[in-house]
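Commentary on secondary and tertiary structure
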Amino acid sequence: MTIQWFPGHMAKARREVTEKLKLIDIVFELVDARLPLSSRNPMIDEIIGQKPRIILLNKADMADHERTEQWLAFFRERGMTALAINSQAGNGLQMILKTAKHLLKEKLDRMKARGMKPRAIRALIVGIPNVGKSTLINRLAKRNIAKTGNTPGVTKAQQWIKVGKEMELLDTPGILWPKFEDEAVGYKLALTGAIKDTIINLQEVAIYALKFLQAHYPERLKERYGIDQLPDDIVELLDDIGAKRGCLTSGGQINYDKATEVIIRDVRTERLGKLTFDFPEEEE
Ligand SMILES: Nc1nc2c(ncn2[C@@H]2O[C@H](COP(=O)(O)OP(=O)(O)OP(=O)(O)O)[C@@H](O)[C@H]2O)c(=O)[nH]1
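Residues numbered from 1 in each chain as written. Predicted model: local features only at pLDDT ≥ 70, side-chain atom pairs only at ≥ 80, totals over all residues. Heavy atoms only, no water.

The name recorded for the chain in an unreviewed UniProt entry is Ribosome biogenesis GTPase A, from Oikeobacillus pervagus. Looking at the Subcellular location (unreviewed entry) heading of the UniProt record, one finds this comment for the chain: "Cytoplasm". As recorded by UniProt, the Sequence similarities (unreviewed entry) comment attached to the chain reads in full: "Belongs to the TRAFAC class YlqF/YawG GTPase family. MTG1 subfamily." (UniProt positions renumbered as here; feature names shortened; annotations may be inferred.)

Encoded structure:
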């Protein structure tokens, strides 16, 4: 599901996440490993405040491994905790609890020192649409979603999902809006499928993809489409790809709609390899 965000939606989403924060010990902020910047909510630091947090670079299986390492270092250098995971296959998930326990050690020790009964760590998953929140919840819960009952004292009943003995997740994730400030972010979100195809101009998205690939992954383009020398002109490149892939009208002209579809599909299905669209340098 892709939500179109209006100021009213944003305010409501923010209120809902803020309410949930009161119930939990730690936030798992899910971002797309292919867009660790563009798939973050622009106000996330303000919304989450001082609550301990782990940034989870999800869909790491689809991202450029080298760039993922750079992103992990980027967050680490800024005092943030980040892990690369693949929620679909379940890779990297065992580190989440371990890291959460480490981050909450002082709090847990304090509770123990006061003689309080040990309890499970309570966590909330937050992230923009389509980033993999439900997949992660199901994975962590091992598809055996065990509701542990309501939390008293809140107006709306909240359900908890058990993750082993030591952790509980709120069953509904916090949905956040993506960044909208610049056009490139919109194109990147569209390319990775976070924005519904019907609300965007796919030709513009494909042109953006080609410019990006030409600048950062030229060899992948050459290899995939069998082009030895990439033309500088993007429309010429689109023509070449269209011709190579037989995207033609009945009159033998390039069918741009078809060529566009081919390129976007190739990006989304990893036929152009594992790609990362945000670079740490851009943030600096
Ligand atoms: N390759 C890959 N795909 C993933 C991963 N995690 C989730 N997906 C896929 O991404 C798509 C979106 O996942 P969801 O779990 O529905 O995302 P969500 O954040 O709950 O989405 P909303 O309900 O729209 O907020 C699905 O097709 C998942 O199968 C991952 O780690 N790797």
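With that settled, the discussion passes to a negative patch on the surface. Together, Glu 181, Asp 182, Glu 183 and Glu 204 make up a region of like negative charge exposed at the surface. Of the residues examined, Glu 181 reaches a relative accessible area of 61% and is grouped as exposed. (Patch = residues over 30% accessible without salt bridge, like charges linked within 9 Å, V, L, I, M, F, W, Y side chains within 5 Å. Areas by Shrake-Rupley, 256 points an atom, 1.4 Å probe, with all protein chains shown as cover. Salt bridge = Lys/Arg side-chain N within 4 Å of Asp/Glu carboxyl O. Lys, Arg positive; Asp, Glu negative; His and termini not counted. Charge placed at Lys NZ, Arg CZ, Asp CG, Glu CD. Buried < 20%, exposed > 50% of the residue type's maximum accessible area, 1.4 Å probe, protein only.)

The next point concerns helix H3 (residues 65-77). With 13 residues, H3 extends 18 Å between its outermost C-alpha atoms, agreeing within 8% with the 18 Å of an ideal straight helix rising 1.5 Å per residue. Within H3 the residues assigned to the buried category are Arg 67, Thr 68, Trp 71, Leu 72, Ala 73, Phe 74 and Phe 75. Two or three places before Glu 66, at the start of H3, stands the capping residue Asp 64, its side-chain oxygen 3.2 Å from that residue's backbone nitrogen. (Helix = DSSP H or I, 4+ residues; strand = E, 2+ residues; numbered from the N terminus. Expected span 1.5 Å × (residues − 1). Polar contact = N/O pair within 3.5 Å; in protein donor to acceptor, adjacent residues only side chain to side chain.)

What follows concerns the nonpolar core. Membership of the largest hydrophobic core comes to 58 residues, with the highest contact counts inside it found for Phe 28, Leu 56, Leu 136 and Leu 169. For this core, the leading source of residues is helix H8 (residues 202-216), giving seven residues. Look past the residues within four positions of Phe 28 in its chain and what remains in contact with it is Ile 54, Leu 56, Ile 96, Ala 100, Ala 123, Leu 124, Ile 125, Val 126, Met 167 and Leu 169. Trp 5, Ile 48, Leu 176 and Trp 177 belong to the second-largest nonpolar core, a separate cluster that totals 16 residues. (Core = buried A, V, L, I, M, F, W, Y, C linked by side-chain atoms within 4.5 Å. Contact = heavy atoms within 4.5 Å.)

Now for the packing of aromatic side chains. Counted by the stated rule, this structure contains nine aromatic pairs. Judged by centre distance (6.1 Å) and plane angle (45°), the ring pair of Phe 212 and Tyr 217 falls under tilted. Its relative accessible area of 7% is what places Tyr 217 among the buried residues. Three or more aromatic residues joined by ring pairs form one cluster here, namely Tyr 187, Tyr 208, Phe 212, Tyr 217, Phe 277 and Phe 279. Cation over ring: Arg 67 sits above Phe 279, and NZ or CZ is 3.7 Å from the ring centre. Over the ring of Trp 160 we find Arg 122; its NZ or CZ atom is 5.5 Å from the centre of that ring. (Phe/Tyr/Trp six-rings, centres within 6.5 Å; stacked < 30°, edge-to-face > 60°. Lys NZ or Arg CZ within 6 Å of the ring centre and 35° of its normal.)

Attention now goes to the site of the ligand. Around the ligand there are 15 residues in total, and Asp 61, Ser 87, Lys 133, Ser 134 and Thr 135 lie nearest to it. With respect to the ligand, the side chain of Lys 59 contributes an N or O atom lying 3.0 Å from an oxygen atom. Between Asn 86 and the ligand, the recorded distance is 3.0 Å, taken from a side-chain N or O atom to an oxygen atom. Contact with the protein chains hides 77% of the accessible area of the ligand, taken as 650 Å² for the molecule alone. The greatest single-element share of the shell around the ligand, amounting to three residues, is contributed by helix H6 (residues 133-140). Looking at the shell around the ligand residue by residue, the classes come out as four nonpolar, eight polar and three charged. (Near = heavy atom within 4 Å. Nonpolar A, V, L, I, M, F, W, Y, C, P; charged D, E, K, R; others polar.)

A word on the packing of helix H10 (residues 234-244) against helix H11 (residues 256-268). The interhelical angle for the contact between H10 and H11, taken along N-to-C directions, is 85°, at an axis separation of 9 Å. One way to sum up the angle between H10 and H11 is to call them roughly perpendicular. Each of Val 235, Leu 238, Asp 239, Ile 241 and Gly 242 in H10 lies in contact with H11, whose residues at this interface are Tyr 256, Ala 259 and Ile 263. Of the residues assigned to the contact of H10 with H11, the class counts are six nonpolar, one polar and one charged. (Axes fitted to C-alpha atoms, helices over the stretch in contact; angles between N-to-C directions. Parallel < 35°, antiparallel > 145°, perpendicular 65-115°, else oblique.)

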